[in-house]
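Structure assessment
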Amino acid sequence: MNHADFPGTVAPPSGDDAQARLPSQLDPDTFRVLAGAGVSRAVLPGEELFRRGEAAQSMFLIDTGEVRLGFDDGLADKLLGPGQYFGELAVFLGRHQRFARAVAETPGVLYEVTQDAFQAVLEREPAVAARFMQRSFAYLVAGEHQLIQSLKRRNEDLLQTLDTLRQTRSELTVAQQLVRTDDLTGLANRRGLYRYLDELGRQPLAGLRLALLLVDIDHFKAINDRSGHLAGDSALRAVADEVRRLAGPLELPCRLGGDEFALVLRVADEGALANRALGLLAAVRSLRLPSLRGTRFSVSIGGAFCADPGGWSAWYSQADAALYEAKRLGGDHWRLGA
Ligand SMILES: Nc1nc2c(ncn2[C@@H]2O[C@H](COP(=O)(O)OP(=O)(O)OP(=O)(O)O)[C@@H](O)[C@H]2O)c(=O)[nH]1
């Protein structure tokens with residue numbers, strides 16, 4: 001928008017703004033000369049002087065009363081009073097489209113000055129016309145500058161809001177991850193597991209079978225009692241690392257709680273499942289942790305194939321029964337549930 005057409009129609013000038021330093025009324029001399037070139041017109045409240053988009057042909061000086069300029073593009077209305085003028089681009093540029101709607105707010109008297117009439121002033125009183133043009137152009141520059149500043153500010157505000165939104169979104173993602181992750185090991189926790197199980201149906205199995213391994217550290221209480229809770233934690237982390245290593249891209253390693261881990265796998269058959277379980281038993285068996293002064297420890301594993309209609313609790317109890325069997329054999333064993 002071009003605000004020169006409506007002096008002072010941008011947001012109220014602030015600080016040392018050039019527009020703010022200009023008096024909002026014309027000096028009496030300029031007013032008298034310009035009014036003398038115009039046609040006097042009495043207006044009533046609500047009377048429309050021009051509307052937005054209309055071809056402009058003249059400018060207006062306000063002798064008495066008030067005129068409201070309304071903009072549709074988010075700018076506040078502007079109320080102009082005696083001694084002020086508006087629509088002057090019409091006399092500088094000739095025909096152009098009005099940028100605002102002008103409506104009389106109160107009864108009053110205006111002077112309407114056409115481009116021809118202004119040309120006559122220019123010839124008759126060049127000093128007055130030049131002063132008026134200078135003032136109007138100063139408004140133009142200051143107004144546009146102010147508009148650019150306020151758009152810049154609005155842009156910055158928008159960028160800041162966007163930034164905050166982005167940050168909130170990433171904080172939310174982090175929070176969601178934290179909620180689904182076990183603090184000690186970084187594996188998924190039960191919530192993460194349930195989320196994974198919810199999404200399982202959407203992932204094709206590509207001819208593989210879904211299976212569950214439940215992994216439990218043997219005599220873990222004794223490890224805690226013998227070497228301390230921190231050493232127990234390091235054993236949990238070491239087993240978690242092995243469980244994580246065993247998991248493929250679409251498989252879920254998780255810690256269910258205490259010293260119990262679960263691994264949802266995709267395998268071709270029973271032989272493949274046995275290989276994975278035996279691999280994990282061997283990996284844990286070969287761990288030597290400084291915090292346990294190099295003493296060995298082991299895990300037991302119960303496995304189950306996840307029958308389609310079963311669901312988590314059915315798979316779990318089948319694998320848990322097999323785990324119980326493996327423990328009964330003295331630990332460091334794996335058993336597949338029937
Ligand atoms: N260090 C440590 N210990 C934990 C944590 N969570 C649970 N525990 C301990 O883990 C132990 C689990 O022991 P149990 O499940 O009873 O059995 P266990 O000693 O492993 O015996 P079996 O499973 O029969 O071989 C308990 O003593 C718990 O206090 C943890 O985050 N860190």
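Owing to the predicted nature of the structure, the values given are computational and were not obtained by experimental measurement. (Residues numbered from 1 in each chain as written. Predicted model: local features only at pLDDT ≥ 70, side-chain atom pairs only at ≥ 80, totals over all residues.)

**Focus: the site of the ligand**
Close to the ligand lie 16 residues, the nearest being Asp218, Phe220, Lys221, Gly232 and Gly258. Listed by contribution, the elements that provide at least two residues to the shell around the ligand are strand 9 (209–217), helix 7 (220–227) and helix 8 (229–246). Partitioned by chemical class, the residues of the shell around the ligand number five nonpolar, five polar and six charged. (Near = placed C-beta within 6 Å. Helix = DSSP H or I, 4+ residues; strand = E, 2+ residues; numbered from the N terminus. Nonpolar A, V, L, I, M, F, W, Y, C, P; charged D, E, K, R; others polar.)

**A look at the sheet that holds strand 11 (residues 260–267)**
If you walk across this open sheet you meet the five strands as 10-11-9-12-13, and the pairing is mixed. Only two strands of the sheet have a single partner each, and these edge strands are strand 10 (252–257) and strand 13 (334–336). In this sheet, adjacent strand axes meet at a mean angle of 20° when their direction is disregarded. Here strand 9 pairs with strand 11 via eight bridges, running antiparallel. Counterpart to Leu210 in the pairing with strand 11 is Arg266. (Pairing = 2+ DSSP bridges. Axes fitted to C-alpha atoms, helices over the stretch in contact; angles between N-to-C directions.)

**Focus: unusual backbone geometry**
Located in the positive-phi region is His219, a residue other than glycine, with phi close to 50°. Following the sequence through the fold, His219 ends up in the loop between strand 9 and helix 7. At Asp332, a position not held by glycine, the phi torsion is positive, near 55°.

Take it as geometry only, folks, not as evidence of what the structure does.
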